[in-house]
Amino acid sequence: MVHVIALVTAKPGQRAKILEAIRANLPAVRAEIGCIEYGPAIDTEDVGPFQTKLGPDTLMVIEKWQDVAALRAHAAAPHMAAYAAKVKDLIASRAIHVLSSAE
């Protein structure tokens, strides 16, 4: 299994538009062969002082894929190209972390 954490920072005030585009794309992504988990996440409020917040312009997409081949197919999917075109002018920065279990 491959884990992916995509850290996306929107241009100020644009996070809601990025989340809207991600949510619209969820059915297509979750239907992909090898997709185990895929979804956006933002800060939970009122957790306490131990939390390090992402902030109002940042979100994470938390993903699990069956293997690297499934992840590569996802990255090349037409619906991902369409999503990227929709959000390219809304994103300030993006970091994609691809991880393997360390157990």
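Quick note: structure is the one above.
Quantities reported herein were computed from a predicted structural model and do not represent experimental measurements.

Caption draft 1: How the structure looks around the pattern of salt bridges. Tallied over the entire structure, the rule returns two salt bridges. Between K64 and E37 there is a salt bridge, with its nearest N and O atoms 3.8 Å apart. With K64 in strand 3 (residues 58-65) and E37 in strand 2 (residues 35-41), the pair connects residues that are 27 residues apart, well separated along the chain. Assessed through its relative accessible area of 27%, K64 is described here as partly exposed.

Caption draft 2: Quick look at the packing of helix 1 (residues 15-30) against helix 3 (residues 78-87). Contact geometry of helix 1 with helix 3 gives a least axis separation of 10 Å together with a crossing angle of 175°. It follows from the interaxial angle that helix 1 and helix 3 lie roughly antiparallel. Every residue of helix 3 that contacts helix 1 at I18, A21, I22, N25, A28 and V29 is listed here: H79, M80, Y83 and V87.

Caption draft 3: Geometry of the layout of surface pockets. One number sums up the size of the largest pocket: a volume of about 390 Å³. Taken together, 18 residues line the largest pocket, and the ones lying closest to its centre are E63, H74, M80, R94 and I96. Tallied by class, the residues present in the lining of the largest pocket amount to 14 nonpolar, one polar and three charged.

Caption draft 4: Seen up close, the nonpolar core. Residues I18, I22, Y38, L59, W65, Y83 and V87 are the most contacted members of the largest nonpolar core, which totals 24 residues. Elements with a minimum of two residues in this core: strand 1 (2-10), helix 1, strand 2, strand 3, helix 2 (68-76) and helix 3. Per-element accounting of this core gives the leading share, six residues, to helix 1. Excluding anything up to four places from it in sequence, V87 contacts I18 and A21.

Caption draft 5: Seen up close, the sheet that holds strand 4 (residues 91-100). Taken in spatial order, the four strands of this open sheet run 2-3-1-4, and their pairing is antiparallel. The open sheet terminates on both sides in strands that have one partner only, identified here as strand 2 and strand 4. This sheet shows a mean twist of 10° between the axes of neighbouring strands, independent of strand direction. Of the pairings in the sheet, the one linking strand 1 to strand 3 comprises eight bridges and is antiparallel in character. Along strand 3, the bridge assignment pairs L7 with M60. Contacts between helix 2 and the sheet are confined to strand 1, strand 2, strand 3 and strand 4, with strand 3 contributing the most and set at about 130° to the helix.

So, how was this worked out
Residues numbered from 1 in each chain as written. Predicted model: local features only at pLDDT ≥ 70, side-chain atom pairs only at ≥ 80, totals over all residues. Heavy atoms only, no water. Salt bridge = Lys/Arg side-chain N within 4 Å of Asp/Glu carboxyl O. Helix = DSSP H or I, 4+ residues; strand = E, 2+ residues; numbered from the N terminus. Buried < 20%, exposed > 50% of the residue type's maximum accessible area, 1.4 Å probe, protein only. Axes fitted to C-alpha atoms, helices over the stretch in contact; angles between N-to-C directions. Parallel < 35°, antiparallel > 145°, perpendicular 65-115°, else oblique. Contact = heavy atoms within 4.5 Å. 1 Å grid on protein atoms, 1.4 Å probe; cavity = no way out; pocket = protein on both sides within 12 Å on 5 of 7 lines; lining within 4 Å. Points joined across faces, edges and corners; volume = space filled by probe spheres on them. Nonpolar A, V, L, I, M, F, W, Y, C, P; charged D, E, K, R; others polar. Core = buried A, V, L, I, M, F, W, Y, C linked by side-chain atoms within 4.5 Å. Pairing = 2+ DSSP bridges.

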